[in-house]
Amino acid sequence: MGRKVITARAAATFEPVGRSVATARGFVRDTLQGWGLGEIVDDAVVLTSELVTNAVVHAGTSAEVLCLREDDAVRVEVADRYPERELPVHENGLPPGHLEREGGRGLLLCAALASRWGVDYTAADKRVWFRLHLPERPVGTRSAGPPLPDTALPLAAARVHVAVVQVDRGGAVSAWNEDAEELFGYPRDQVLGKPLTDLAAWPHTPGTGTGIAEALRLSRWEGSYGMRDTHGRTIPVYASHLRVRDSDGEPSTVCLMVRDHERAVLQSPHRSTTADSGTRTDGTERTAADPFEVFIGSPAPDDLDGLLQRTVERARDMLDGDAAYLLLATDDETELEVRASTGLPSARQRFARVPVEAGSGRYGSARMPSVHEDLTVVPGAAPLLEGTGMRSVVTVPLKVEGRLTGSLGVATEAPGRYTNEEALRLQFAADRIALAVERARLTELERLRRGSLSFLVEASDLLAGTLDRDQTLALMAQMTVPTLATWCAVYTVADQGSEPTLSYVLHEDEDRIDGLKALLARVDPPDPVPAPGARVWTGPTEAVRSPSAQAAASSGGLRLATGSGTAAALGGETVVLPLVARNRVIGMLTLGKPADERFRQEILELAEDLSRRAALALDNARLYSERTAISQSLQRSLLPPELPEVPGVEVEVIYRAAGEGNEVGGDFYDLFPIREGAYGFAIGDVCGTGPEAAAVTGLARHALRLLAREGFGGPAVLERLNTAILDEGARSRFLTLLYGELWPQQDGGAELKVVCAGHPLPLRLRPDGSVEPAAEPQPLLGVMDDLELYEQRVLLDPGDVLLCVTDGVTERREGTRMLGDDGLAQALSASTGLTAGAVAARIMRTVERFANSVPSDDMAILAMRVPE
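We now turn to the structure provided with this report. (Residues numbered from 1 in each chain as written. Predicted model: local features only at pLDDT ≥ 70, side-chain atom pairs only at ≥ 80, totals over all residues. Heavy atoms only, no water.)

### Topic: the sheet that holds strand 23 (residues 574–581)
- Across the sheet, which stays open at both edges, the five strands sit in the order 21-20-24-23-22 with antiparallel pairing between neighbours. Bordering the open sheet on either side are strand 21 (501–507) and strand 22 (535–536), each of which pairs with just one other strand.
- In this structure, strand 22 lies alongside strand 23, joined through two bridges in antiparallel fashion. In the sheet register, Val-536 faces strand 23, and the bridge partner there is Val-575.
- Contacts between helix 10 (residues 469–480) and the sheet are confined to strand 20 (487–492), strand 21, strand 23 and strand 24 (584–592), with strand 21 contributing the most and set at about 40° to the helix.
- Helix 11 (residues 513–522) contacts strand 20 and strand 21 of the sheet and is inclined by roughly 150° relative to strand 21. (Pairing = 2+ DSSP bridges. Helix = DSSP H or I, 4+ residues; strand = E, 2+ residues; numbered from the N terminus. Contact = heavy atoms within 4.5 Å. Axes fitted to C-alpha atoms, helices over the stretch in contact; angles between N-to-C directions.)

Dropping the structure here:
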């Protein structure tokens, strides 16, 4: 018998918990239905359920389910990770199939239902499999409809364009046919490799429903959405997606698209159902169909948006209408919100709200069925249909336990098409779906609340993670686009009474950002009003619709993308939310939608919560930046200016202050001219780090310069500095200090006189690589009143190096190890022949590589070398 050819494969792994059995059943059902094998679905699901139960419940391990489609059969394998466990064929002496047996039923079912079955063992798992043969399908028509007169045929353009778009595993377009170019205007080379999500206008609310990324991963999908063309317009399309794989096993999705009004070309025929009970032609009794299934079709979509879209499509078809729409009531039942429509301008009124019986523009027929034979006679009766050309409309309420939950309407372009009879038919259907819609709405609301909470928690974490103003502005925009809006602009207000400044602009299409920024720069910014909540801002919309802007757009001056798509990109609703922190307006968050789109109330409420968090983060960043600038300015004043050039001596300094934002700490250095031919140098370490230590640093550095230039020698300078430190009282801190005076010599050497007051000893490196201390230790400063210090004379010959460091270098630690004086001397001895800068750099690299942790102490390195 030849090897079976596998034409499709699907696999999934399920955790060892009870709910995995139901999940596995759904996986197998969806897989086989996606392959078009509905005839064997029930048997396969039953067998899989039993075998997965054996694995996750009885064996207590995870279960791997593998579905393989062959030429004439389907093979399903269920593997568990417990190969040592015996198959439960016999149990407690009970015969197979006994009602009291707890195991073995799956194998008995395999024997009864499967064409073939078996068990394979490996060292790691046990795999039970079964094969179900596919019934022979007669060659010929699988679906057909009755002949219809020409006037009853669906409308289509003279030439129907069927766009064929193939999307790879990552969601990028890999194929684009000529009809796709004709429909959407993009040439093939411009879209290949671009994510389909950049082109699709998918009606999706964060935290609810199925998004396009999820739809592309389904084995089969069919429905409506929008595609953006080169002008920024949204073209309604009806699409059929099919998941396929090539000979190498690489999956992709083939998408067939037509214009939405030509959906009959692709739309799958509805399942034949009837609400009437009776007798079949074979004499058996016919069961009554569920009225909900008759109207909505089966199976119903799992998400609210899909359910509502299917509802309006069925309502339109049932009453032979040109358009249909469905509105859901808000929580307080004072307004109706548009949630689904068909036959109307794409997304034109999505999430728009209409008051219920409340003044002009009210929706007066919401609570009772209503028929309007001609809307031109009753202006404002159906605000949603104004300007659409619809003349006749029938609307019915959706009610649950007497409470208004929504409204369903069907309209046509011809007047007088509907009567009370159509209203009763539509009301009957609405009554059947009202409970399902309300249940799905509550489920969506709960998901939305959870999604909103998760979004705000993540946003708070991100905003709290930075104190940089520019990064905070970028985060604010990136969190809103595209989750909450199509584009976003952040204005900042520097001071009370100053004009708002456009600080950051972001659009979901990166190619539009520059044009959007240019347009907003020409529009007067919104007023910085501190009133809470979102308010509509018409500035951008008016700007793009003005004659001057249209003229500029046509000449390319204001184009946001290829083509004149400015009005389409900015022509929707724009709202402004104030950024208020510490009772002051510090900016404004502006959110915008493309043409004919409006914001959902829940999105605006979420944006308002985000704006409050973002405002505080932005103000914290401002305060931090101001205080950091002040701190750094003060700290820089404690550092010496640029080091002077010392004739005949190379000098290099490396300084690292510990702690974030610190430029000066407890360590310090200085090199300064005292008089002609004489220079003073110092390197010291104040006890501790941070601002308190930096204060003593400033005192020491300025006192050294002043006293040295007054003519005092090294010991006298340090004794007077010791007195000044002690005079600080409780603020005083002890100080280790190496101070010296340097006289370059005419013969090329240098003479030094040094005093080492409690500081690490300076090291002298000779050209032969020998290293020796260049001074003796003496008492540190800031502890005793009376000090008797003395200076020591050091001569540096050509090629000699004098290295001075603070204890942050020698006390560098990695666990119990410490660099120490010996490690420093060893690193210095390997630096012969190097310049002063190279010596200092090598010592710093040695310190950094000694440990992986960030240094916790200040470090200063001063290297002086007499060139050879």
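### Examining unusual backbone geometry
- A cis geometry characterises the amide bond from Val-481 onward to Pro-482, with omega recorded as 0°.
- Within the element layout of this structure, Pro-482 appears in the loop between helix 10 and strand 20.

### Notes on a negative patch on the surface
- A contiguous patch of negative charge, built from Glu-178, Glu-181, Glu-182 and Asp-189, is present on the exposed surface.
- At three residues, the largest contribution of residues to the negative patch is made by helix 4 (residues 178–184).
- Assignment of secondary structure puts Asp-189 in helix 5 (residues 188–191). (Patch = residues over 30% accessible without salt bridge, like charges linked within 9 Å, V, L, I, M, F, W, Y side chains within 5 Å. Areas by Shrake-Rupley, 256 points an atom, 1.4 Å probe, with all protein chains shown as cover. Salt bridge = Lys/Arg side-chain N within 4 Å of Asp/Glu carboxyl O. Lys, Arg positive; Asp, Glu negative; His and termini not counted. Charge placed at Lys NZ, Arg CZ, Asp CG, Glu CD.)

### So, the environment of Ala-474
- Residue position: Ala-474 is located in helix 10.
- A C-alpha to C-alpha distance of 8.6 Å links Ala-474 and Leu-506, two positions 32 residues apart in sequence.

### A look at the sheet that holds strand 27 (residues 678–686)
- Spatial ordering of the open sheet is given by 26-27-28-29-32, a layout of five strands whose pairing is antiparallel. Pairing within the sheet leaves two strands with one partner each, and these edge strands are strand 26 (667–675) and strand 32 (792–796). Neighbour-to-neighbour, the strand axes of this sheet turn through a mean angle of 20°, independent of strand direction.
- Examined bridge by bridge, strand 28 (residues 735–744) and strand 29 (residues 750–757) share eight bridges and lie antiparallel to one another. When the sheet's bridge partners are listed, Gly-740 is paired in strand 29 with Val-754.

### Structural notes on the pattern of salt bridges
- Within this structure, the stated rule accounts for 29 salt bridges.
- Put simply, Arg-764, Arg-766, Glu-772, Asp-797 and Asp-800 are held in one network by salt bridges that share partners.

### Things to note about the side chain of Ser-240
- Within the fold, Ser-240 resides in strand 10 (residues 234–245).
- Take Ser-240: its relative accessible area is 16%, and that puts it in the buried class.
- With near-sequence residues (within four places) excluded, Ser-240 lies in contact with Trp-221, Glu-222, Val-254, Cys-255, Leu-256 and Leu-266. (Buried < 20%, exposed > 50% of the residue type's maximum accessible area, 1.4 Å probe, protein only.)

### Observations concerning a nonpolar patch on the surface
- A surface patch of nonpolar side chains, amounting to about 270 Å² of accessible area, comprises Phe-734, Val-783 and Met-784.
- Checked against the element boundaries, Val-783 lands in the loop between strand 31 (771–773) and strand 32.

### Some points on the packing of helix 19 (residues 820–829) against helix 20 (residues 836–850)
- At a minimum axis separation of 10 Å, helix 19 and helix 20 run at an interaxial angle of 135°. By the angle between their directions, the pair helix 19 and helix 20 is classed as oblique. As helix 19 runs across helix 20, the sense of the crossing is right-handed. The segment helix 19 lies against helix 20, with Leu-824, Ala-827 and Leu-828 engaging Val-839, Arg-842, Ile-843 and Thr-846.
- Looking at side-chain class alone, the contact of helix 19 with helix 20 contains five nonpolar, one polar and one charged residues. (Parallel < 35°, antiparallel > 145°, perpendicular 65-115°, else oblique. Left-handed = near helix turned anticlockwise from the far one by under 90°. Nonpolar A, V, L, I, M, F, W, Y, C, P; charged D, E, K, R; others polar.)

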